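This is what each chain is made of:
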Amino acid sequence: YGTRRIVLSAERDTRRDLFDPKLGSDVVGTVEIAGGALQGSTNFQKWSGSASLYRPSGRRATLALRIRGGYERPFGKVPSATATRLDLIPVDDRFRTGGATSVRGYFENEIGYRNGKIRGGAILIVGNAELRFPLIWVVSGAVFVDGGNVWERGEDITLKLLFTIAGGDAGSSDMRYT
């Protein structure tokens, strides 16, 4: 496939230290349009954003909170009766999550696999809460809770599924927590 796209992004960063933030915030928003008047073989709009907050907690600890979300909307005709709206978005452009910078405890981009294949999703929700603390010299520790998933359709998301801790037998629509 071939795409032509326009991507607009904005960021507001008030962190004092980019490598080890202890105070401040970082907010990023992105809008992407592929196809349409730009031509190409794919047509979709993609909105995504993240917000991170860092605050001192206690004597030397730092509380770090982050939420990420995204939504993709394909447009155009579905090519066949067996295809879905998600099939209009190339697999590489769909949302996937999991790994060291999103939902730890899962392999990189593992959340988004369905039946052994990369499927991805049109909707992304990821949340992280972390308490960081120094141990010795340059070594630090952290206690964290991560949660996230990708969904193919908005109808797949319910409040019950977002707040159910399902563990290893989580279904494809359940939120994954570590």
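Throughout, residues of each chain are indexed from 1 in the direction in which the sequence is written. A pLDDT threshold of at least 70 governs which residues receive local features in this predicted model, and a stricter bar of 80 or more applies before side-chain atom pairs are shown or counted, although totals over entire chains, interfaces and linings include all residues. Side-chain metrics in this entry use all non-hydrogen atoms of the structure; hydrogen atoms and water are not considered.

1. Focus on the pattern of salt bridges
Then comes step 1: One side-chain nitrogen of Lys or Arg within 4 Å of one carboxyl oxygen of Asp or Glu is enough to make a salt bridge. Across all of its chains, the model carries 11 salt bridges by this definition.
Then comes step 2: Where Asp20 meets Lys22, a salt bridge forms, and the shortest distance between an N and an O atom there is 2.8 Å.
Then comes step 3: A simple rule labels every residue: compare its accessible area, found with a 1.4 Å probe on the protein chains alone, to the largest value its type can have, and call it buried under 20%, exposed over 50%, or partly exposed in between. The class for Asp20 is partly exposed, based on a relative accessible area of 36%.
Then comes step 4: Residue Lys22 is classed as partly exposed on the basis of its relative accessible area of 42%.

2. As for unusual backbone geometry
Then comes step 1: For Asn109, which is not glycine, the phi dihedral falls at a positive 60 degrees.
Then comes step 2: Numbering of helices and strands runs from the N terminus; a helix is a DSSP stretch of H or I covering at least four residues, while a strand is a stretch of E covering at least two. Here Asn109 lies in the loop between strand E4 (61–74) and strand E5 (113–114).
Then comes step 3: With a relative accessible area of 27%, Asn109 lands in the partly exposed category.
Then comes step 4: Although it is not a glycine, Trp137 adopts a positive phi angle of roughly 55 degrees.
Then comes step 5: Considering the arrangement of structural elements, one finds Trp137 in the loop between strand E7 (123–136) and strand E8 (139–151).

3. Section: the sheet that holds E8
Then comes step 1: The rule for pairing is simple: two strands pair if DSSP sees at least two bridges between them. Ordered in space as E1-E2-E3-E4-E7-E8-E9, the 7 strands form an open sheet in which the pairing is antiparallel. Strands with a single pairing partner mark the edges of an open sheet, and in this sheet they are strand E1 (5–13) and strand E9 (176–177).
Then comes step 2: Both strand E2 (residues 24–34) and strand E3 (residues 44–57) contribute to a ladder of 11 bridges, which runs antiparallel. Bridge assignment links Gly29 to a residue of E3, and that residue is Gly49.

4. As for the packing of aromatic side chains
Then comes step 1: Centre distance within 6.5 Å is the pairing criterion for rings of Phe, Tyr and Trp, where only the six-membered ring of Trp is used; planes under 30 degrees apart are then read as stacked, over 60 as edge-to-face, and the remainder as tilted. Applying the stated criterion across every chain yields a total of 1 aromatic pair.
Then comes step 2: Taking 5.8 Å as the distance between ring centres and 15 degrees as the angle between the ring planes, the aromatic pair formed by Trp47 and Tyr71 counts as stacked. In this pair, Trp47 is assigned in strand E3 and Tyr71 in strand E4, connecting sequence segments 24 residues apart.
Then comes step 3: The exposure class assigned to Trp47 is partly exposed, which follows from its relative accessible area of 34%.
Then comes step 4: Residue placement shows Lys46 over the ring face of Phe95; its charged tip is 4.8 Å from the ring centre.
Then comes step 5: Two thresholds decide whether a charge sits over a ring: the Lys NZ or Arg CZ must be within 6 Å of the ring centre and within 35 degrees of the ring normal. One residue, Arg104, lies across the ring of Phe144, its end atom 3.8 Å from the ring centre.

5. Re the nonpolar core
Soluble globular proteins tend to pack their nonpolar side chains together in the buried interior.
Then comes step 1: Side-chain atoms within 4.5 Å are what join buried Ala, Val, Leu, Ile, Met, Phe, Trp, Tyr and Cys residues into a set we call a nonpolar core. The biggest cluster of nonpolar side chains holds 7 residues, and these are Phe95, Val103, Tyr106, Ile111, Leu124, Val126 and Val150.
Then comes step 2: Whether two residues are in contact is decided by their heavy atoms, any of which lying within 4.5 Å being enough. Ignoring any residue separated from it by four or fewer positions in sequence, one finds Val126 in contact with Arg66, Ile67, Arg68, Thr97, Ser102, Val103, Gly147 and Gly148.
Then comes step 3: Judged by nonpolar contacts, the second largest core, of 5 residues, contains Phe44, Leu86, Ile89 and Ala122.

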